[in-house]
Amino acid sequence: MAEAADSQGMGPSPARRWLRRTAALLVGTPLIAGLLSGTGAAPAAGAAKAGTGSRTVQVTLDSMTPSAPVKNDTLTISGTVTNSGKQAITSAHVGLRVGQRLAGRTAIDEASQRTVFTPGLDPAELGDGFTVKFRKLAPGISQDFTLSVPVNKLGLDGDGVYQLGVSLSGQTSNQPYEQVLGIQRTFLPWQPDAVDGKKSQLTYMWPLTTSIHLTAQTGSDEQQTPVFADDALAAELAPGGRLERMVSLGSQLSVTWVVDPDLLATVDAMTRNYRVKSEDGDVPGTNQDVAKQWLSQLENAVQGDKVVALPFADPDLASLAHRGKEVSGSLSHLQGATDVAEKTVETILHVTPSVDFAWPVDGAVDPSIVDVATSAGAHNVIARSDSLRETRDLGYSPTAARPIGGGTTAVVADARLSTAFEGDMSKAGNSTLAVQEFLAQSLAVTLQDTDKQRSIVVAPQRMPSASQAQTMAIAVRALSAQRWTQSLNLVAAAAAKPDAHATARVPGSSSYPGSLRKQELPVQAFQDMKSTQGTLDKFKVVLSAPDRVVTPFGNAINREMSTSWRGDPEGGTVYRAGVQSYLDKLTGEVRLIQKSTATMSGRSATLAVTVQNQLVQPVGNLVLRLEPSSPTRLQVTTSEDDNGGQPVKIDGGHSQSVKFTATANANGPVQVTARLYTQDGTPYGDPMEFTVQVSEITPTVMLVIAGGVLLLVLAGIRMYTQRKRSTARKEAENGDSGDGADADGGGDPGQPSDPTPDTGPESGASPGTGEKVEH
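Predicted model only: the values in this text are computed from it and were never measured.

### Brief notes about the side chain of Thr471
Next up, step 1: Relative to the helices and strands, Thr471 is located in helix 13 (residues 466-478).
Next up, step 2: Filtering out sequence-adjacent residues up to four positions away, Thr471 remains in contact with Phe421, Met425, Ser431, Ala434 and Val435.

### Quick word on the packing of aromatic side chains
Next up, step 1: Applying the stated rule across the entire model yields six aromatic pairs.
Next up, step 2: Here the aromatic rings of Phe421 and Phe438 are separated by 5.3 Å at their centres, their planes lie at 40 degrees, and the arrangement is tilted. Here the residue Phe421 occupies a position in the loop between helix 11 (415-418) and helix 12 (428-448), and Phe438 occupies one in helix 12, the gap between them amounting to 17 residues.
Next up, step 3: Its relative accessible area of 1% is what places Phe421 among the buried residues.
Next up, step 4: Owing to a relative accessible area of 1%, Phe438 belongs among the buried residues under this scheme.
Next up, step 5: Three or more aromatic residues joined by ring pairs form one cluster here, namely Tyr204, Trp206, Phe421 and Phe438.

### Re the sheet that holds strand 13 (residues 283-284)
Next up, step 1: One open sheet accounts for four strands, arranged 9-10-12-13; its pairing is mixed. Two strands bound the open sheet, and with one partner strand each, they are strand 9 (214-218) and strand 13.

### Looking at unusual backbone geometry
The phi angle of most residues is negative, glycine excepted, and most peptide bonds adopt the trans form.
Next up, step 1: Cis geometry is found at the peptide bond from Thr65 to Pro66, where omega equals -10 degrees.
Next up, step 2: Mapping Pro66 onto the fold places it in the loop between strand 1 (57-65) and strand 2 (74-83).
Next up, step 3: One non-glycine residue, Asn72, adopts positive backbone phi at about 75 degrees.
Next up, step 4: As for its position among the elements, Asn72 is in the loop between strand 1 and strand 2.
Next up, step 5: Here Asn621, not a glycine, exhibits a phi torsion of approximately 55 degrees, which is positive.
Next up, step 6: Among the structural elements, Asn621 can be located in strand 24 (residues 619-628).

### Overview of the sheet that holds strand 2
Next up, step 1: With antiparallel pairing, the three strands of this open sheet are ordered in space as 1-2-5. The open sheet has two edge strands, strand 1 and strand 5 (142-150), and neither has a second partner. Across this sheet, the average inter-strand angle for adjacent strands is 20 degrees, counted without regard to direction.
Next up, step 2: The pairing of strand 1 with strand 2 spans eight bridges and is classified as antiparallel. Bridge assignment links Val59 to a residue of strand 2, and that residue is Val81.

### Notes on the pattern of salt bridges
Next up, step 1: On inspection of all chains with the given rule, the structure shows 20 salt bridges.
Next up, step 2: Here Arg97 makes a salt bridge to Glu125, at a shortest N to O gap of 3.7 Å. Taken together, the residues Arg97 in strand 3 (residues 89-101) and Glu125 in the loop between helix 3 (105-113) and strand 4 (131-137) connect sequence positions 28 residues apart.
Next up, step 3: Across the salt bridge formed by Glu520 and Arg323, the nearest N and O atoms sit 3.4 Å from each other. With a gap of 197 residues between them, Glu520 in the loop between helix 15 (514-517) and helix 16 (523-540) and Arg323 in the loop between helix 8 (317-322) and helix 9 (330-349) connect regions that are remote in the sequence.
Next up, step 4: Overall, the relative accessible area of 5% leaves Glu520 in the buried class.
Next up, step 5: Judged by its relative accessible area of 22%, Arg323 is partly exposed.

### So, the packing of helix 16 against helix 17 (residues 547-560)
Next up, step 1: Packing of helix 16 against helix 17 brings their axes to within 11 Å, and their N-to-C directions diverge by 175 degrees. By the criterion of interaxial angle, the relationship of helix 16 to helix 17 is roughly antiparallel. Two secondary-structure elements touch here, helix 16 through Met529, Thr532, Gln533, Leu536, Phe539 and Lys540 and helix 17 through Val549, Val550, Phe553, Gly554, Ile557 and Glu560.
Next up, step 2: Considering only residue class, the contact of helix 16 with helix 17 consists of seven nonpolar, three polar and two charged.

What counts as what
Residues numbered from 1 in each chain as written. Predicted model: local features only at pLDDT ≥ 70, side-chain atom pairs only at ≥ 80, totals over all residues. Heavy atoms only, no water. Helix = DSSP H or I, 4+ residues; strand = E, 2+ residues; numbered from the N terminus. Contact = heavy atoms within 4.5 Å. Phe/Tyr/Trp six-rings, centres within 6.5 Å; stacked < 30°, edge-to-face > 60°. Buried < 20%, exposed > 50% of the residue type's maximum accessible area, 1.4 Å probe, protein only. Pairing = 2+ DSSP bridges. Axes fitted to C-alpha atoms, helices over the stretch in contact; angles between N-to-C directions. Salt bridge = Lys/Arg side-chain N within 4 Å of Asp/Glu carboxyl O. Parallel < 35°, antiparallel > 145°, perpendicular 65-115°, else oblique. Nonpolar A, V, L, I, M, F, W, Y, C, P; charged D, E, K, R; others polar.

See below:
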């Protein structure tokens, strides 16, 4: 971003310009002499090829105190010089060079990129004997140094950012004259008193996130003992660990805590009994005290501070926008992750967080990312100035809040300040330079235009290392005097009055960095999540206590789309496969026991199928159905369900024998498929097939049938004989009387009537149940 207005009030004085020109001439004198001397020219050419010159010595600045001095302070710089060349250096000394006041942020960028000594650009050494001398510096040897200079000797002529150079000068056998053999530059922010105008309002986000450690697996006990993939989180929580440093340092600073609720839930799980996966199986976890101590420290640290809760497990919003939308149902996971965030933070930390912020990776946005980020209710999207760039030269860094339409605010973090500590801060030299450049850039922002009070947001890397956290804390602490900044929490920064001249246009998708796009979760990841969610939806309807399963697996699905999988695609794949595999194992605990061939030796029989529940909780809402391959040969019926199903309800750790009535219409084998269904007709689990063998009618059965037929025939003969005798007797009686008695009264009242048959009429009802068929 061009910053034409940066130079206002920050140019060098005439006296300093004269000193700079004089120093350039003095430094160049031995170089000219060497060129005019035949003996000096050839060695200089050879030395250049060997990598000598101002890169011969490596100068490291290990500390600079104070980082932002005031009047009457003494500036102390400590460091190390190392001879990286092949020749010994003699008559060496370390000196301090105070450069001109830099004209704005762009000038700071340019100065930080220069690595070699440049006569005319680099100033002369500070006089008055403020040097450290070495008699000899052998090849490969390092020497420590400390320079102490009263601030009033630095020649600072006004508020602003000054370039400091610490150089080593000396001679070598090939170049026997004094020359600069190594230099390291840094910056000195000089604002001894509060600015006359308005200070910048600075918001520093302090992120508490980590990678995924908790699996979907839990124990079968009442407490549902959690199972961790590893115990690496304990090292981060222990004294000196990354997360312990973040909490300990953050508690002393004015920052906004940005928390992943999954981290809190994971550490909270560690405070009780937990198990850790190992090659020999799950083993008990032993770091409960570490987890308790860290949570207690964090709870105390956040009291009175603003806490922002990210959606649970910090979902990768860009991956959702660019890949996840291709798979139906993916966005619903973001809504669920947002819903559980506030409750998790309130329960564990006892503070009410703001859940109104979305934070895409590196603050890189495009329209689809903004749409996804706000789809779960967030109204503020944390972007970064190298993504949402200014379209015109304002001459200053505008306020972070930008209305981008639809009631959404882009909170645009400053890219320079946000990336200041991304390097290896375990090296003291890197840490010192990063702190000084951060302070210099923050002062330059304020001095751009002190008539405007602007809100500047810093969104650092998501998971700072312990050394990065330490360096960040040094920088933030150096601003605590509030000479040119004052702290502001993130919620207030999002609500600040926006700059009408600042850009509010979200860049197109083609502007999204290719390097970030390559790290996104693949479409397959979201397809895996959909499959797992589908399995979970089928499973939960049969459970009597579904929360014991839905909660851990719902959280696990949220973890599958975590931002922490960026850079670890293999780990993400393994995690997703593990979640699905464990869920499949649980659903398989409710299953059909395989039957062997069943034999029916009669027309009808009872078929029994066993359903086993190896879960610890009862299951229900299930129906078991038997489906013969040839319904015309074998019919299966039940009085419980119109569709031929039997309801199934089984206590945990039990089995149930489910019975069906089978009627055979023909001999021979018939394949039968047994399958469980949920009450809405959705198949559950794998089907089980077995054979029902309908055997021929046996001789014993034939004898029984034949005996029955014979009895019917004998009964008929007897009835016929009795009727014939009765008729003959009546005819004889009528013939003897001679008066032709009428039909209704001529009989002997004492004569018995026809006997009642001893066999009832044939029943049309279905025959009774035959022999019971088991395995």
